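Residues per chain are reported as follows:
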Amino acid sequence: MYRRAWLVCVLLFVALFVLAGCGRGRGEPTATPTKTPDSGQSGAAPEAVTPTPVSAGAAAPSAAPATATDASTPTPATRTVAEINAAILNVRRAPSADAEVVQTVEQGQQYDVIGRSQDGAWIQIGSEGRELGWVAAEFVVVQNVALAPATETAPEGEAEAPTQGEAQPPAAGSGNYLPATMTSPDFGGQAFLWWQPEIADRDLTLMKEANFRWVKQTFAWETIEGAGKGVYDWSYADRVVREVNGHQIKLLARVSSDPEEATFWAGPPPANGDNFADFVFALASRYNCTPEAVGCIQAYQIWNEPNLAREWGGNAPNPAQYVEFLGKAYAAIKRANPNAVVINAGMAPTGGDGAIAMADDAFYEGMYQAMGGNSNGYFDMLGVHGAGFAAPPELDPAQAAADQRYGGYRFFAFRHVEDIRAIMVRNGDEGKRVVLLEFGWTFDPVNPSYKWHGADAGITEMVQAEYLRSAYQYAEANWQPWIGLMSLLTMPNLDWTDDGNPQDEEQYWWAIMEPSEINELKFRAAFIFLCDYFNAVEGRECKYEPQ
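Remember, it's a predicted structure, so these values are computed and weren't measured experimentally.

Draft legend 1. Fine view of the packing of aromatic side chains. Throughout the structure, instances matching the rule amount to 44 aromatic pairs. Ring plane angle 75 degrees and centroid distance 6.0 Å describe the contact between Trp-312 and Tyr-322, whose orientation is recorded as edge-to-face. In this pair, Trp-312 sits in the loop between β13 (299-302) and α6 (319-336) while Tyr-322 sits in helix α6, placing the two residues 10 residues apart along the sequence. With a relative accessible area of 0%, Tyr-322 lands in the buried category. Here the aromatic rings of Phe-439 and Tyr-472 are separated by 5.5 Å at their centres, their planes lie at 70 degrees, and the arrangement is edge-to-face. With Phe-439 in strand β16 (residues 434-439) and Tyr-472 in helix α11 (residues 461-478), the pair connects residues that are 33 residues apart, well separated along the chain. Relative accessible area serves as the criterion here: at 0%, Phe-439 is assigned to the buried category. Judged by relative accessible area, Tyr-472 falls into the buried class, the value being 0%.

Draft legend 2. Up close: the packing of α6 against helix α7 (residues 360-370). Contact pair α6 / α7: the axes reach a minimum separation of 8 Å and the direction vectors enclose 60 degrees. As judged from the angle between their axes, α6 and α7 are oblique. The crossing of α6 and α7 is right-handed. Contacts between α6 and α7 involve Pro-319, Ala-320, Tyr-322, Val-323 and Leu-326 from the first element and Phe-363, Gly-366, Met-367 and Ala-370 from the second. Here the contact of α6 with α7 is built from residues that sort into 8 nonpolar, 1 polar and no charged.

Draft legend 3. Molecular detail of helix α5 (residues 273-286). If you check α5, its first and last C-alpha atoms are 20 Å apart, about what 14 residues at 1.5 Å a residue would give, namely 20 Å. For α5, every residue scored as buried is listed here: Gly-273, Phe-276, Ala-277, Phe-279, Val-280, Ala-282, Leu-283 and Ala-284. Along its buried surface, α5 packs onto β11 (214-220), α3 (221-224), β12 (250-256), β13 and α6.

Draft legend 4. Local environment of α11. Compared with the 26 Å implied by 1.5 Å per residue over 18 residues, the 26 Å span of α11 between its first and last C-alpha is a close match. In terms of burial, α11 is largely enclosed, as 13 of its 18 residues are buried.

Draft legend 5. Structural detail: the sheet that holds strand β17 (residues 483-488). With parallel pairing, 8 strands are arranged side by side in an open sheet as β14-β13-β12-β11-β10-β17-β16-β15. Each having just a single partner strand, β14 (341-344) and β15 (382-385) make up the two edges of the open sheet. On average, each strand axis in the sheet is inclined to that of its neighbour by 25 degrees, with strand direction left out of account. Pairing of β13 with β14 involves 4 bridges; the strand directions are parallel. Across the sheet, the residue bridging to Ile-302 is Asn-344, located in β14. Here α5 sits on the sheet in contact with β11, β12 and β13, set at roughly 160 degrees to β12.

Draft legend 6. Highlighting the pairing of strand β7 (residues 122-127). Counting buried positions along β7 yields 6 of 6 residues, so the element is predominantly enclosed. The alternating pattern of β7 places Trp-122, Gln-124 and Gly-126 on one face and Ile-123, Ile-125 and Ser-127 on the opposite face, and all of these are buried.

Draft legend 7. Spotlight on the packing of α11 against helix α12 (residues 525-536). Two elements in contact, α11 and α12, have axes whose closest approach is 7 Å; the angle formed by their N-to-C orientations is 30 degrees. When the axis of α11 is compared with that of α12, the two are roughly parallel. For the element pair α11 and α12, the recorded crossing hand is right-handed. On α12, the residues that touch Glu-461, Met-462, Gln-464, Ala-465, Glu-466, Leu-468, Arg-469, Tyr-472, Gln-473 and Glu-476 of α11 are Ala-525, Ala-526, Phe-529, Leu-530, Tyr-533 and Phe-534. Classifying every residue of the contact of α11 with α12 gives 10 nonpolar, 2 polar and 4 charged.

Draft legend 8. Molecular detail of unusual backbone geometry. Of note, the amide linkage connecting Ser-184 to Pro-185 takes the cis form, showing an omega dihedral of -5 degrees. With respect to the helices, strands and loops of the structure, Pro-185 is situated in the loop between β9 (140-146) and β10 (186-190). A cis geometry characterises the amide bond from Pro-269 onward to Pro-270, with omega recorded as 0 degrees. Relative to the helices and strands, Pro-270 is located in the loop between β12 and α5. Phi is positive for Phe-389, close to 50 degrees, though the residue is something other than glycine. Within the element layout of this structure, Phe-389 appears in the loop between β15 and α8 (397-402). A residue is classified by how much of its surface remains accessible, and Phe-389, at 1% relative accessible area, is buried.

About the thresholds
- Residues numbered from 1 in each chain as written.
- Predicted model: local features only at pLDDT ≥ 70, side-chain atom pairs only at ≥ 80, totals over all residues.
- Heavy atoms only, no water.
- Phe/Tyr/Trp six-rings, centres within 6.5 Å; stacked < 30°, edge-to-face > 60°.
- Helix = DSSP H or I, 4+ residues; strand = E, 2+ residues; numbered from the N terminus.
- Buried < 20%, exposed > 50% of the residue type's maximum accessible area, 1.4 Å probe, protein only.
- Axes fitted to C-alpha atoms, helices over the stretch in contact; angles between N-to-C directions.
- Parallel < 35°, antiparallel > 145°, perpendicular 65-115°, else oblique.
- Left-handed = near helix turned anticlockwise from the far one by under 90°.
- Contact = heavy atoms within 4.5 Å.
- Nonpolar A, V, L, I, M, F, W, Y, C, P; charged D, E, K, R; others polar.
- Expected span 1.5 Å × (residues − 1).
- Pairing = 2+ DSSP bridges.

Purely geometric stuff here, so don't read any function into it on its own.
Spelled out as structure tokens, the structure:
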């Protein structure tokens, strides 16, 4: 897929696109990668797996040119769907029994029909505007179903319409929101959407074109309820949620407060737990994905890295305190939106067991002890952080522990995620998924806390790109079905350039693009690699790939 010559030219590739307008804004809450601590594809399966084995391979034709269903003249009141009529049915990348299986679907599920092979033996299916692949026609029932009538008016109190240049989101009252579901793995990334609408619109467009399905955005408590208990400023949040919804990307909201915000009325955790629960109830109620809602937040991350004292109000990390805090937030969100996915905070991959930091694996063990071994009522999926540090994504954590080049501890390997998964399994939680809330590699040559596992370890812009792509490939081959969303670090923040030198901002070196003004795009190799890979999963090409 990737030509060697292309690997060289992409380093020099900087695309300049004149888009229109300009704008700069304030800084916003950012994801902070963890500082250095002190101390396959399965074999071919039948097209349908049913109680009575069916041999479909003999009847399957060779790949035939596909004829897309004409989408320019849809029937106003109906849509064409394919209902699955087999217990389990393979979905293939192309209309052939020899094509790669990309996923399976189950009996009774319905999908949009978006194409047929010329011989009629294969149906191309999709969901929510996204192509899924091809299924054998003999195992589906194609039918027309009535569309629900469109809502004509938005509810009273709806926010003003988006300004020119913003994506047009579903109007409040439409309920036209994506479901809170995840593929294994699913593609996502951190973005900075809060202060600059035109940059947010541009970056969401880029993420959609690259086939990111999720975006993670920080919703800082103090920027919404900063004026006092129950006094909310929804102006920025409304715009961000509507913009994400309008780009048809799912939204993961990291809900926390700035640990350096000493004057915030609610104070630090864990004492602020009741007030925090009230806040997330208001947040989840406003964006609960119903037809009456202002918008839709599909998933919530509850706080950030509470295994570090600096993130826990200066208090010593305490798993039992965090579990109590988490349980209150979980119950509040579920009252507002039972379908929302609630994810615990990811822990900083670190060692230690003192007042400053607690080892992440010890903290997760402590959480399960505090929950009595039962995570129901606390989280739907387990959040984990998975920085790769100096190691390639395939490296065994045992090797990272044995080799000082990689740091000398298991947590210095991307696959340390497997250690956390093992804790889930030991506690009977194998039925729940892991969400990788942040991961990535930096090629920082400047900042001392990071450059040892960045440039000093041989991580370059190109190596970063290769490792990010390989991380998704490794997860697909080895972590299905328990891995969910993998949210990478990071889309860029234009505010990093405010002092004229973005290179002293350590997050700059984790980003998959250079900070870019509205009239330019400065891609890094990582964005192109991922755009190519994410699109190829669905049989498309990245529009930004150099020729």
